[in-house]
Amino acid sequence: MRKFRRLLSVIAIIAMFASMSTIVSAKQSTLDETENLPYSDSIVYTPDGKVDAAYYENLQQKIISEFDYRNKKTITNSSLQREIQLNAVHNTIPGDVYVSFTGTTSGIDFALVGHASLVETAGGIWCISSWPEKDGHVNGVQYEYNYWPGKNKIYGLRVKDGTSTSRAASVKAARDYVNTSPRIPYNWNFLNKFTTSSFYCSQLVWRCWKTAGIDIDRFPYDTVVSPAELTGPKMIELFYVNN
């Protein structure tokens, strides 16, 4: 009987490691697919002339999978790690970036699911972003006061190669846009990130850093810059809050 129990234990351990190996392999496969994922420097259309929503949805999903794998692989399920996440210190400085996004899909709008802001003052008390007119926000580029502290499922990011000079330049660009009169409106043409006559949230953050000399778009040659696309290799994760 003891030998039989010992044999069952060995089988259980082998099965556990085999399961872990499968999970790791699946994660690595996702990463490999992301690294090798082709993307176009122009808008991708279907044969009937419509924007290829499936292409962009697939691209965004792979970006998010890559980012999650890269930045969460060291997070454990211990109560201590959960406490660290829940009480994450917003050690952001001017020029840092807040990003939130989900895996919810809605056709081409998937690319813009989430939100992004540029930090203007330390700790994220004041940020600058762009909103449509809803939920108490006015239409266009605007200040956000104390918006991110207390929010759930958010990332605090820093530009890896940013210097005090480039950070200041990105913030100056954001201030110039937010102080423009009349107010710069929200950009509903998500497929045109290059315009400066209107902005959506992640487009504004990207443009401010582009003005500072650093392109933080994960795919710099296409025409879309979603919140997820601001999480590329040029960014360092400061913290992740997940309740």
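What counts, and where the lines are drawn
Residues numbered from 1 in each chain as written. Predicted model: local features only at pLDDT ≥ 70, side-chain atom pairs only at ≥ 80, totals over all residues. Heavy atoms only, no water. Core = buried A, V, L, I, M, F, W, Y, C linked by side-chain atoms within 4.5 Å. Buried < 20%, exposed > 50% of the residue type's maximum accessible area, 1.4 Å probe, protein only. Helix = DSSP H or I, 4+ residues; strand = E, 2+ residues; numbered from the N terminus. Contact = heavy atoms within 4.5 Å.

Visitor: How do you make sense of the nonpolar core when you look at a structure like this?
Guide: Soluble globular proteins tend to bury their nonpolar side chains together. Val-97, Leu-118, Val-141, Tyr-177, Trp-209, Ile-216 and Leu-230 are the most contacted members of the largest nonpolar core, which totals 39 residues. Only α2 (53-72), β1 (97-100), β2 (115-119), β5 (154-159), α4 (164-178), α5 (201-211) and β6 (235-241) provide two or more residues apiece to this core. At 6 residues, α5 tops the list of elements feeding residues into this core. Residues contacting Val-141, with those up to four places away along its chain left out, are Ile-128, Ser-129, Ser-130, Tyr-177, Val-178, Arg-183, Ile-184, Phe-199 and Leu-204. With 7 residues, the next largest nonpolar core counts Cys-127, Trp-148, Ile-154 and Val-241 among its residues.

Visitor: Would you explain unusual backbone geometry in this entry?
Guide: Most peptide bonds take the trans configuration, and most residues that are not glycine carry a negative phi. Along the chain, Ser-181 connects to Pro-182 via a cis peptide bond; the corresponding omega equals 0°. Mapped onto the elements of the fold, Pro-182 is located in the loop between α4 and α5. One non-glycine residue, Asp-135, adopts positive backbone phi at about 50°. The topology assignment puts Asp-135 in the loop between β3 (126-131) and β4 (140-145). With relative accessibility at 66%, the residue Asp-135 sits in the exposed group. With phi around 55°, Asn-146 is a residue other than glycine that occupies positive phi space. With respect to the helices and strands, the residue Asn-146 is situated in the loop between β4 and β5. By relative accessible area, Asn-146 is classed as partly exposed at 36%.

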